[in-house]
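Examination of the molecular architecture
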Amino acid sequence: MALFGEVLADVFPDRTVLGGAPFNVARHLRAFGLHPVLITRTGNDAMREELLAAMDRFDMDTLGVQCDPAHPTGQVVVHMEQNRHSFEILPGQAYDFIHAGVTRMIALSTQPELVYFGTLAQRHKVSRRALHTLLQSIDAPRMLDINLRDPWYDLPTVRRALQRADIVKMNEDELAVLAAQLRLPGKSAQQQANALVHQFSLQRVLVTCGANGAWQLNADATEVHVDGTEKHIQVVDTVGAGDGFTAVFIVGSLLGWPVALSLSRANAFAAALCGIRGAIPSDQDFYAPFLEQWKI
Ligand SMILES: OC[C@H]1O[C@](O)(CO)[C@@H](O)[C@@H]1O
C-alpha cells in the first residue's frame, strides 16, 4: 500500500503527538500486519528525527520519507474546547513540497496494491504535482480520504480528487459540505452519496457518523449500515478516530471480511482511539486485543 500526504506534529495543550491522516493510517496498517509505504516529506529538524525514531519503533518503512532543506516538519495546533477540537494548520510545511520525481521512483519500486490520498496535502501545487505523478505511475485502486480542513481546500481540487478516486471516505459533516458545494441532488445523505457515486464514477462511498456508526453505499445502490459501538469509552479526544476507522476498513477489504464486519470492527477501533490523546497510540499493546479478537 502507498499512502501519500502529510506527516506532522499535533500540538495539544498537554503534549505533542505525531499525526497527519496518511501517517496515522499507515501506523495502524503496520500494526495490523500490512506493509504500508508512506510518501511524505519532513524538514531537516528535530521533529524529523523523532518521526524516524517512532517509525523505527513501529517497524514502519521509512523509504518514502523525503527530507526538505528549507521547510519545517508539519505542525498543527489542536485547540480543545470540552470534547470538541479545532485545528490550526500552519502553511508552508515540508509536506507541501513532496517531490514528484522521488515519489515516482518510490511508486515504481513498491508497486502498491492500493493508493491512499487525502485533500490536505493537495493545498500546495508542488505536492499536488507529486500526487499526480504517483497516480499516473500506478495502476491500483485509489482511496480518497476527503478530510476537509478549512481553509485548506478548494472546490476544483476536491472535484479533481473525486474524479481520480475509486473509493471515497468522509464523515457525515463532510458529505453535507460536499452536497452543498457540488450541488448534489437528493434530500437524504444516502441520495446525495448516490449522486456522488454516479457523478464521479465511484465504486463506493463510505460515510462515518461518529458514535452513530457508519455506512457504505455501492455503485449498484446497495447500502450497508452498522450502528455505533455500545462499549462505553471515556473520551479524551476524537482526533484521528476517522483515520483509525479507515485503516481497519482497508484491512477488512484486503483480508476479505464481509463489509458489515469491516464497518463494525472499524467503528470499535475508532471508538477505542477516542480514549487516548491524539491519533496514534504510543505502544503496540493498544492493538493487542484487536489483533487477538480479529485473529490477524
Ligand atoms: O489534517 C489535520 C489533522 O487531521 C488529523 O490527521 C486527524 O485526522 C490530525 O492528526 C491532523 O492534525
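Residues numbered from 1 in each chain as written. Predicted model: local features only at pLDDT ≥ 70, side-chain atom pairs only at ≥ 80, totals over all residues. Heavy atoms only, no water.

A word on the overall build of the protein. What the protein contains, in helices and strands, is 10 helices and 13 strands. For the protein, whose C-alpha radius of gyration is 18 Å, the value lies close to the compact-globule estimate of 19 Å for 296 residues. A principal-axis box enclosing the C-alpha atoms of the protein has dimensions of 50 × 40 × 35 Å. In the protein, buried positions account for 55% of the 296 residues. At a minimum sequence separation of 6, the contacts of the protein that also span at least 24 residues come to 69%. When the accessible surface of the protein is summed, it comes to about 12800 Å², and 50% of that surface belongs to carbon and sulfur atoms. (Helix = DSSP H or I, 4+ residues; strand = E, 2+ residues; numbered from the N terminus. Rg over C-alpha atoms; globule rule 2.2 N^0.38 Å. Buried < 20%, exposed > 50% of the residue type's maximum accessible area, 1.4 Å probe, protein only. Contact = heavy atoms within 4.5 Å. Areas by Shrake-Rupley, 256 points an atom, 1.4 Å probe, with all protein chains shown as cover.)

Right, let's talk about the environment of Phe-245 for a bit. With respect to the helices, strands and loops of the structure, Phe-245 is situated in helix H8 (residues 241-255). Accessibility expressed as a relative area gives 2% for Phe-245, which makes it buried. Sequence separation between Phe-245 and Val-25 is 220 residues; the distance between their C-alpha atoms is 8.6 Å. Ignoring sequence-local partners within four residues, the contact set of Phe-245 consists of Lys-169, Leu-206, Thr-208, Ala-214, Leu-263, Ala-266, Asn-267 and Ala-270.

Looking now at the site of the ligand. Around the ligand sit 14 residues in total, of which Asp-10, Gly-20, Ala-21, Arg-149 and Asp-243 are the nearest. Taking Asp-10, its side chain carries an N or O atom lying 2.3 Å from an oxygen atom of the ligand. Within the contact set of the ligand, an oxygen atom lies 2.9 Å away from a side-chain nitrogen or oxygen of Arg-149. Compared with its free state, where it exposes 310 Å², the ligand has 98% of that area covered by protein. Breaking the shell around the ligand down by element, the ones donating at least two residues are strand E2 (8-11), helix H1 (21-31) and strand E7 (84-89). Each residue belonging to the shell around the ligand can be placed in one class, and the counts come to 6 nonpolar, 4 polar and 4 charged. (Near = heavy atom within 4 Å. Polar contact = N/O pair within 3.5 Å; in protein donor to acceptor, adjacent residues only side chain to side chain. Nonpolar A, V, L, I, M, F, W, Y, C, P; charged D, E, K, R; others polar.)

This part takes up the sheet that holds strand E9 (residues 142-145). If you walk across this open sheet you meet the 9 strands as E5-E4-E1-E8-E9-E10-E11-E12-E13, and the pairing is mixed. Both outer strands of the open sheet, strand E5 (65-68) and strand E13 (223-226), are each paired with one neighbouring strand and no more. Averaged over all pairs of adjacent strands, the angle between their axes in this sheet comes to 15°, without regard to strand direction. Sheet analysis places strand E10 (residues 167-171) next to strand E11 (residues 204-208), joined by 5 bridges and oriented parallel. Bridge pairing in E11 places Ile-167 opposite Arg-204. Strands in contact with helix H3 (residues 100-110) are strand E1 (2-4), strand E4 (37-43) and E5; relative to E4, the strand with the most contacts, it is inclined by about 155°. (Pairing = 2+ DSSP bridges. Axes fitted to C-alpha atoms, helices over the stretch in contact; angles between N-to-C directions.)

Before going further, it helps to spend a moment on H8. Under the 1.5 Å per step criterion, the end-to-end length of H8 is 21 Å for 15 residues, consistent within 8% with the ideal 21 Å. Within the span of H8, buried status applies to Ala-241, Asp-243, Gly-244, Phe-245, Thr-246, Ala-247, Val-248, Phe-249, Ile-250, Val-251 and Gly-252. After H8 finishes, the residue Gly-256 shows a positive phi value of roughly 75°. (Expected span 1.5 Å × (residues − 1).)

The next subject is the packing of aromatic side chains. Counted by the stated rule, this structure contains 10 aromatic pairs. For the ring pair Phe-32 and Tyr-287, a centre distance of 5.5 Å and an interplane angle of 90° mean the geometry is edge-to-face. With Phe-32 in the loop between H1 and E4 and Tyr-287 in the loop between helix H9 (259-273) and helix H10 (288-294), this residue pair connects regions lying 255 residues apart in the sequence. Note on Trp-257 and Trp-294: the rings are 5.6 Å apart at their centroids and 70° apart in plane angle, and the pair reads as edge-to-face. In this pair, Trp-257 sits in the loop between H8 and H9 while Trp-294 sits in helix H10, placing the two residues 37 residues apart along the sequence. Here Trp-257 matches Trp-294 in class, with each residue buried. Members of the aromatic cluster, connected to one another through ring pairs, are Phe-32, Trp-257, Phe-269, Phe-286, Tyr-287, Phe-290 and Trp-294. A cation over a ring is seen here: Arg-27 above Phe-58, with NZ or CZ 3.6 Å from the ring centre. Against the face of Trp-152 rests Arg-123, its NZ or CZ located 4.5 Å from the ring centre. (Phe/Tyr/Trp six-rings, centres within 6.5 Å; stacked < 30°, edge-to-face > 60°. Lys NZ or Arg CZ within 6 Å of the ring centre and 35° of its normal.)

As recorded in UniProt, the sites labelled "domain: Carbohydrate kinase PfkB" (unreviewed entry) are residues 16-282. Measuring from the first to the last C-alpha atom of residues 16-282 gives 12 Å, for a span that is 40% helix and 21% strand. (UniProt positions renumbered as here; feature names shortened; annotations may be inferred.)

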